[in-house]
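Here is how the chains run, residue by residue.
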Amino acid sequence: MKVKLDENLGRSAREFLLAKGFDVETVLSQGLCGAKDRKLIDVCRIERRCLVTMDFDFSNPIEFPPDQYAGIVVFKLPKDPNLTDILDCLHVLVRGVDPSDFEGKLRIVSKARIREYSPLR
């Protein structure tokens, strides 16, 4: 499973996902810090990487239709999150989602659950 960690997630998140077998790139390592949302998500689409972020702008399915991407995961955290909060969400994510089931999905992950966006049909 290929993911890209947004700049608001740190080295510990990268190491955690690498240890779980994920192929991880980061916004920081690719020199994309401060990039506009559209540019970042376009890079993710080109690379076929699921974006993992705390930026709630990406939870808007009108602006970023999930079916056009390799997946979008948004962490819903307290106002001033700490490393434990982020790692808790990562644990919920890897326990609750099969790595082969990220494509085209938008998920909001908190420390207690995962919500998946389902478009009206």
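For the structure itself, look to the data block above.
Conventions we followed
- Residues numbered from 1 in each chain as written.
- Predicted model: local features only at pLDDT ≥ 70, side-chain atom pairs only at ≥ 80, totals over all residues.
- Heavy atoms only, no water.
- Helix = DSSP H or I, 4+ residues; strand = E, 2+ residues; numbered from the N terminus.
- Rg over C-alpha atoms; globule rule 2.2 N^0.38 Å.
- Buried < 20%, exposed > 50% of the residue type's maximum accessible area, 1.4 Å probe, protein only.
- Areas by Shrake-Rupley, 256 points an atom, 1.4 Å probe, with all protein chains shown as cover.
- Lys, Arg positive; Asp, Glu negative; His and termini not counted.
- Charge placed at Lys NZ, Arg CZ, Asp CG, Glu CD.
- Contact = heavy atoms within 4.5 Å.

1. What about the overall build of the protein chain?
Then step 1. Along the backbone of the protein chain there are 3 helices and 6 strands.
Then step 2. When the helices and strands of the protein chain are listed from N to C terminus, the series reads β-α-β-α-β-β-α-β-β.
Then step 3. For a compact globule of 121 residues, the expected C-alpha radius of gyration is about 14 Å, and the protein chain comes in at 13 Å, within 12% of that figure.
Then step 4. For the protein chain, the spread of C-alpha atoms along the three principal axes comes to 35 × 30 × 30 Å.
Then step 5. Buried residues in the protein chain amount to 40% of all 121 residues.
Then step 6. If you sum the accessible surface of the protein chain, you get close to 6700 Å²; carbon and sulfur atoms cover 49% of it.
Then step 7. When the 20 positive and 19 negative side-chain charges of the protein chain are each reduced to one mean point, those points stand 2 Å apart.

2. Points about unusual backbone geometry
Then step 1. A positive phi angle, near 60 degrees, is found at Arg 48, a position not held by glycine.
Then step 2. Its place among the elements puts Arg 48 in the loop between α2 (37-47) and β3 (50-53).

3. Comments concerning the side chain of Arg 49
Then step 1. Among the structural elements, Arg 49 can be located in the loop between α2 and β3.
Then step 2. In this structure Arg 49 comes out as buried when scored by relative accessible area, which is 7%.
Then step 3. Contacts of Arg 49, omitting those with residues within four sequence positions, involve Lys 2, Val 3, Lys 4, Asp 23, Val 24, Glu 25, Cys 44, Ala 70 and Gly 71.

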